[in-house]
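Next come the chains, spelled out residue by residue.
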Amino acid sequence: MQLLRRTPILVEVIALLGAIALAWWLGTYATNAWLARAAVLSVDAKLAAPDPAVVRGAAQTACLYFTLGAAALAAARAWNLRKAGESSVAIPWLLPAAVFASLLGLTLHLATVDVSRGIILLPTAAGFAQGFLIGAFAGAAILVIPVDLAEWVGRASMPIAITIAVIFAALAIAGSGPAGSGTRINLGPLQPIELVKPLAVVFLAGYLGGRASKLRWQRQRVLGLRWPRIELLVPALVALLAIVAGLKIIGDLGPVLLLAFVFLGMFFVVTRATGWVVVALALVALLVTLLALWPSIAGGGTVKTRLLMWQAPWTNGLPNGHQLGEGLWAIAAGGWDGQGLAQAITPLPPAGKTDLALAVMAEQLGALGLVAYHVLMGALVLGALRVAGRSRTAERVLLASGIAILLLAQWLVIEAGTLGHLPLTGIVVPFLSAGRSSMAVFVLLAAFVARLALDARPRAPSTELVELHGATRGVQRFALVAIGAALAASVFAAVVDRPGTLARGIAMRLADGTRIVRQNPRLVVLASRVRRGSILDRNGEVLAASTPGGRTYPLKTALGTLLGVYPADRLLPTWALERRLDDKLRGYANLKGFVPLIDLEPKARATALAARDADIGSRSVRISLDAKLQAKAAQLAQAVVSRGKLAAAAVVIDVDTGQILARVQAPDYDPNAPRFASDKRGAYGTWGDKTGLHGMFQAGSVAKLFTALAAVRAEAADQTFACVEKDKQGPLYTQKGWPNPVHDHSGDRPHGQPGLVEAIAVSCNVYFAQLGVALGPEPFAQLRDDGVEIGFSSKLDVGAAGTRQLASSAFGQGAMVMSVLQAARMVTAIANAGQYMVCPLEIPATCAAQNIVNNPAALLPVIAGMRRVLTHGTGARLVQPAGLRVYGKTGTADVRGFVGEQPWGIAPAAQAAPHSWFVAFAEPTRIREGELTAPGRLAIAVVVPRGGTGASAAGPLAMQILAAARELGYLQ
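Residues numbered from 1 in each chain as written. Predicted model: local features only at pLDDT ≥ 70, side-chain atom pairs only at ≥ 80, totals over all residues. Heavy atoms only, no water.

1. Things to note about the overall build of the protein chain
Across its full length, the protein chain carries 32 helices and 23 strands. Taking the principal axes of its C-alpha atoms as reference, the protein chain extends roughly 125 × 65 × 45 Å. In the protein chain, which comprises 972 residues, the proportion classed as buried is 57%. The long-range share in the protein chain, meaning contacts at least 24 apart out of those at least 6 apart in sequence, stands at 73%. A total accessible area of about 38000 Å² is found for the protein chain, and carbon and sulfur atoms account for 60% of it. Where the 87 positive side-chain charges of the protein chain centre and where its 57 negative ones centre are 8 Å apart. (Helix = DSSP H or I, 4+ residues; strand = E, 2+ residues; numbered from the N terminus. Buried < 20%, exposed > 50% of the residue type's maximum accessible area, 1.4 Å probe, protein only. Contact = heavy atoms within 4.5 Å. Areas by Shrake-Rupley, 256 points an atom, 1.4 Å probe, with all protein chains shown as cover. Lys, Arg positive; Asp, Glu negative; His and termini not counted. Charge placed at Lys NZ, Arg CZ, Asp CG, Glu CD.)

What follows is the structure, encoded as structure tokens:
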């Protein structure tokens, strides 16, 4: 019989000695894996690696520490053999579970390769093993000390309470945390909060244990639940709220949640009051909900970041908001059996050896490693509850159950945070995270329970103990459910949800405030071995291509802003083709297709990647631009800037197809440059896109064509209006109540009674102001609603009927703002019998086409007016290219300085030179003049911001581009 009673302890001793032997074998295996991975990284990534002899020496030191600690525990348990009797509770798995969990952590610290600032760091296993050694020596002392620890606990309650209060006060006054974290968890090099947790268990065990009878029997049943009497419930709630108030003192959510759960569980054990559990859990849930809705309640710094990160792990866009997403990546990377020791991604996820140690373990050991860890932790928690359910005094029951609750809470809170089910709290992962103090505490707690089990059983049964033991069985059932749920959730994250998680991107913000989307580096490194498709022009000429030296852009500053650059050090703007065409150029919409390759052997992975890379043709994209025309037009635009103009932009469209042949701007960005240039800020730098929505300028007189289209649709294009009144500023038109008249250009003469043709030719503001008032606002709005793009939005407000605002809009002021692309499409519609087309740059592609006039012949006066601009009107001095006939419209847009022009010496609201506009379509002279349609026409729009009159800057540039197009074979 005596041998049978001692068998469980003998099993423990044998298991502990076995852990020592296993530690040396695993230590050697893990160290070899670490050295092999470090050797690869030092070659492939050119990282500085420590000397292998130093690494092996550190690993042997760590294994020696572990050996000494495990041997001390084995010796102490062997000493306990003489005390093993009928009063002992057999838990032969508890101490071995703690030691094997520590061995799991030691193996991970020996195998995990970490990188910082281009240097491969030494493994942190020695410090981890030191913590184990300290805890094991202290635990061994507890196992052999000839003192009844439970009786000592009852007498030490008050000193322990004072110690806890002093620690919190010291943290409130002199506590500190990592820079910018907002926490107060450190006192110099120490982190006393780790000591507070076991002290809180000991204090509560002594305090509640001495009042167990009173707390247990003074209760009542309400709504089917047991409740402490109000005079007992209120102090408990006050204690819980005081713990929650600790969040304000230390600024860290983790310890507060742990202490709250420990108090909740221990108060339930002593009262067996299910109603208390409901209320307390509701309060904790309310706290978490309030923090989720209003994170600022917790203050700033790390806690607020973690709360926002919990709400949106993938899209929070915070400077340090990528931690949770990176942890989920690591868990998903593990799959069923992991990537192998030393194969965790480098650099590790933030806090990969502390807060996210579970994620790093999962990547290397997979779901099987998670199962092993859950089994070991479950054995510890359930073993402690087994001791609690068989102990002979209230203090002993509360000590063992309190330790079980602390271990369970710490484990599940950090695991739930790692999986994204709770906010990350910054507490360590039991037996896995780096840290001497935390490791020492966990090993010490396991030894404490083993010591309580030696003489645990009651000498005689009592109703009081029956109640306490019943409460521990309730906690045990809860623990089983919680452990099962945690295991299921972790396996789900590692296996079931794996493809979606691995392929998700994390929106994050760089130190300079730039928002980027960070993709999973495990998949990015695979995808980077598959060349990005080429971007080709309409004739197959290369505009962007992947070469062994990286991405190249042959046109350089002729197309850089529109193309963007790949890879970019920031999120590219929406217009950049490298971003817009990203899915097609990569050959996939997301990185999910690379997930299966993660688990392949290196040779099989290389073969699969080579097969994908070879199919580069399927990933190439052809666009409608003509590389030669683009390059020539960009050269001409840059020449305008070189002569002192701020910028220039032009768009050329094939009227027959609606396809864009050239889309140029100057200055333009050179994507072959190593980084973004410094002159991209402001309206006229290399960014943004001055041909699209980022190049919106007051349209001036080119918007008169929009008014003319509205008149054609309203069958009002045959109207004439008087232009006879004038003052010192020139011809005018006004109505009663207007603040000032509409004037033509200074120095202009009255034009008599012009019709639409003459008004377009001489750009008569007076005519178009009257035409706009006669039309009213509806035809303008309807033309925009029917698809003719103008302005920033889909709605156009030209002003109310009869107002000066409506008159101003009609001749090109007010709401009439345009990009050159919008202007070119408008002119294309006029040249193509009212067919308005919006074509994407990619070809082949379907263009959105809309007939904007019911009677195309009604456009003939507009066409005639545009031709007269070049023969007798505002553009008469422009030299038309040989062999071409041009139908155009000049625009001189007066506008005060605006935000974005300051780097160029133009203050907001200051007087400045007008924007120079010119829009036109051209045809060969062999075609009869004035035809409604003709094949082979090109449309063009040009703007030279602050360039002066339309005929002085934009017009000549347009003629030069049209001449270049003819030389390249167009307009023949």
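2. A few points about the pattern of salt bridges
Overall, the coordinates contain 23 salt bridges when judged by the stated rule. Notably, a salt bridge pairs Lys 795 with Asp 785, separated by 3.8 Å at the nearest N-O pair. Highlighted residues: Lys 795 in the loop between α28 (777-785) and α29 (804-810) and Asp 785 in helix α28, separated in sequence by ten residues. For Asp 785, a relative accessible area of 42% corresponds to the partly exposed category. Through salt bridges with shared partners, one network takes in Arg 532, Arg 551, Glu 578, Asp 582, Asp 583 and Arg 586. (Salt bridge = Lys/Arg side-chain N within 4 Å of Asp/Glu carboxyl O.)

3. A word on the packing of aromatic side chains
Tallied over the entire structure, the rule returns twelve aromatic pairs. Relative to Tyr 767, the ring of Phe 721 has its centre 5.3 Å away and its plane inclined at 70°; by these criteria the two rings are edge-to-face. Of this pair, Phe 721 sits in the loop between α25 (704-713) and β14 (726-727) while Tyr 767 sits in helix α27 (residues 765-775), and the two are 46 residues apart along the sequence. Judged by relative accessible area, Phe 721 falls into the buried class, the value being 11%. (Phe/Tyr/Trp six-rings, centres within 6.5 Å; stacked < 30°, edge-to-face > 60°.)

4. Brief notes about the state of the cysteines
Applying the stated criterion across every chain, the model contains one disulfide. Covalent S-S linkage joins Cys 839 and Cys 847, the inter-sulfur distance amounting to 2.1 Å. Note on the Cys 839 and Cys 847 pair: the S-S dihedral is about 115°, so by sign convention the disulfide is right-handed. Residue Cys 847 is classed as partly exposed on the basis of its relative accessible area of 25%. (Disulfide = S-S within 2.5 Å.)

5. Comments concerning a positive patch on the surface
A cluster of basic side chains, namely Arg 390, Arg 457, Arg 473 and Arg 477, defines a positive patch on the protein surface. Within the fold, Arg 390 resides in the loop between α14 (357-388) and α15 (394-419). Exposure remark for Arg 390: the relative accessible area of 31% places this residue in the partly exposed category. (Patch = residues over 30% accessible without salt bridge, like charges linked within 9 Å, V, L, I, M, F, W, Y side chains within 5 Å.)

6. Describing the nonpolar core
In terms of nonpolar packing, the biggest core is built from 155 residues, with Phe 66, Leu 106, Met 266, Tyr 373, Phe 431 and Leu 432 touching the most fellow members. Other than its neighbours up to four places away in sequence, Tyr 373 contacts Leu 104, Leu 358, Met 361, Trp 411, Val 429, Pro 430 and Leu 432. Counting 133 residues, the second-largest nonpolar core is a separate cluster that includes Ala 647, Leu 783, Ala 824 and Ala 941. (Core = buried A, V, L, I, M, F, W, Y, C linked by side-chain atoms within 4.5 Å.)

7. Focus: the pairing of strand β11 (residues 648-654)
Across the seven residues that make up β11, a large majority, seven, are buried. Side-chain alternation along β11 places Ala 648, Ala 650, Val 652 and Asp 654 on one buried face and Ala 649, Val 651 and Ile 653 on a second face that is also buried. Sheet topology places β11 next to strand β12 (residues 660-666); six bridges connect them, and they run antiparallel. Bridge pairing in β12 links Val 652 to Ala 662. In this antiparallel pair of consecutive strands, β11 and β12, the connection spans five residues, and Gly 658 shows a positive phi of 80°. (Pairing = 2+ DSSP bridges.)

8. Some details on the sheet that holds strand β10 (residues 621-623)
Spatial strand order, β9-β8-β7-β10-β19: five strands in an open sheet with mixed pairing. Either end of the sheet is taken by a strand with one partner, and the two such strands are β9 (550-552) and β19 (842-843). Examined bridge by bridge, strand β7 (residues 535-536) and β10 share two bridges and lie parallel to one another. The partner of Ile 535 across the bridge, within β10, is Val 621.

9. So, empty space enclosed by the protein
Where empty space is left can be seen by rolling a probe of water-molecule size over the atoms. Going through the model one piece at a time under the given rule, you end up with two cavities of 30 Å³ or more. Lining the largest cavity are Leu 108, His 109, Thr 112, Gly 352, Lys 353, Ala 357, Val 360, Met 361 and Leu 432. Those elements that provide at least two residues to the lining of the largest cavity are α3 (94-111) and α14. Sort the elements by how many residues they give to the lining of the largest cavity and α14 lands first, with three residues. Taken together, the residues of the lining of the largest cavity break down into five nonpolar, three polar and one charged. (1 Å grid on protein atoms, 1.4 Å probe; cavity = no way out; pocket = protein on both sides within 12 Å on 5 of 7 lines; lining within 4 Å. Points joined across faces, edges and corners; volume = space filled by probe spheres on them. Nonpolar A, V, L, I, M, F, W, Y, C, P; charged D, E, K, R; others polar.)

10. Some points on α14
Under the 1.5 Å per step criterion, the end-to-end length of α14 is only 30 Å for 32 residues, more than 12% shorter than the ideal 46 Å. Maximal helix bending in α14 amounts to about 120°, located at Leu 365. Within α14, 25 of the 32 residues are buried, which leaves the element mostly enclosed by the surrounding structure. (Expected span 1.5 Å × (residues − 1). Bend = angle between axes of the 7 residues up to and from the residue.)

11. Description of the side chain of Lys 690
With respect to the helices and strands, the residue Lys 690 is situated in the loop between β12 and β13 (697-698). Summary of buried charges: Lys 690 has no salt-bridge partner, and the nearest side chain of opposite charge, Asp 668, is 7.2 Å away. Only 2.6 Å separates the side chain of Lys 690 from the backbone oxygen of Gly 685, close enough to count as a polar contact. Excluding residues that lie within four positions of it along the chain, Lys 690 makes contacts with Ala 647, Ala 649, Gln 665, Ala 666, Pro 667, Ala 683, Tyr 684, Gly 685, Gly 695 and Val 820. (Polar contact = N/O pair within 3.5 Å; in protein donor to acceptor, adjacent residues only side chain to side chain.)

12. Some remarks on the sheet that holds β14
An order of β14-β15-β16 is seen for the three strands of this open sheet, with the pairing classed as antiparallel. Strand pairing shows two members of the sheet lacking a second neighbour, β14 and β16 (742-743), which therefore form its edges. Taken together, the two bridges between strand β15 (residues 730-733) and β16 define a ladder with antiparallel strand orientation. Its bridge partner being in β16, Leu 732 is matched across the sheet by His 743.

13. Notes on the environment of Gly 791
Along the chain, Gly 791 falls in the loop between α28 and α29. The sequence separation of Gly 791 and Phe 697 amounts to 94 residues, and the corresponding C-alpha distance is 8.9 Å. The contact partners of Gly 791, leaving out residues within four places of it in the chain, are Leu 693, Met 696, Val 817 and Gln 822.

14. Some words on the side chain of Glu 923
With respect to the element layout, Glu 923 can be found in strand β22 (residues 915-924). Residue class for Glu 923 comes out buried when judged on its relative accessible area of 0%. At 2.6 Å, the side chain of Glu 923 forms a polar contact with the side chain of Tyr 887. Excluding anything up to four places from it in sequence, Glu 923 contacts Gly 883, Leu 884, Arg 885, Tyr 887, Arg 928, Glu 929, Ala 934, Arg 937 and Leu 971.

15. A short note on the environment of Thr 657
For Thr 657, the location among the structural elements is in the loop between β11 and β12. A relative accessible area of 29% means that Thr 657 is categorised as partly exposed. Sequence separation of Thr 657 and Cys 847 is 190 residues, and the distance between their C-alpha atoms is 8.5 Å. When neighbours within four sequence positions are excluded, Thr 657 is seen to be in contact with Met 837, Cys 839 and Cys 847. Looking at Thr 657, its side chain comes within polar contact range of the main-chain nitrogen of Gln 659, at 3.2 Å.

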